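# A look at the structure
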Amino acid sequence: MKPGTVFACEVQPIVVEGLERVLSRTTDLQFTGSASNPAEALRQIGDLRPDMALIDQSQGLRGALQMVS
């Protein structure tokens, strides 16, 4: 079975590094990339087409919801 792919839109590099390390130890999920701002995240998500995207809410819930609508 092919692993699910995960992309992260996260401001804190330490969070991205931790996520990448945790996912590297699993066979079910594969880390595909990250971006620190919504505009870059949308571009990369369009290119990479991950199965799921984790979106940082530190810039407010409104910005996170705009990314998914």
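Here, every reference points to the structure presented above.
Notes on the structure follow. Keep in mind that what you see is a predicted model, and the values were worked out from it rather than measured. (Residues numbered from 1 in each chain as written. Predicted model: local features only at pLDDT ≥ 70, side-chain atom pairs only at ≥ 80, totals over all residues. Heavy atoms only, no water.)

## Details of the pattern of salt bridges
Overall, the coordinates contain three salt bridges when judged by the stated rule. Notably, a salt bridge pairs Glu 17 with Arg 21, separated by 2.9 Å at the nearest N-O pair. One end of the pair is Glu 17 and the other is Arg 21, both in helix 1 (residues 13–24) and four residues apart, which spans about a single turn. Using a relative accessible area of 49% as the deciding quantity, one classes Arg 21 as partly exposed. Across the pair Arg 43 and Glu 40 runs a salt bridge, and its minimum N-O distance is 2.7 Å. (Salt bridge = Lys/Arg side-chain N within 4 Å of Asp/Glu carboxyl O. Helix = DSSP H or I, 4+ residues; strand = E, 2+ residues; numbered from the N terminus. Buried < 20%, exposed > 50% of the residue type's maximum accessible area, 1.4 Å probe, protein only.)

## Describing helix 2 (residues 38–48)
The backbone nitrogen of Ala 39 has a side-chain oxygen 3.2 Å away, supplied by the residue at the start of helix 2, namely Asn 37. Positioned one or two residues after helix 2, Arg 49 has a phi angle of 50°, which is positive. (Polar contact = N/O pair within 3.5 Å; in protein donor to acceptor, adjacent residues only side chain to side chain.)

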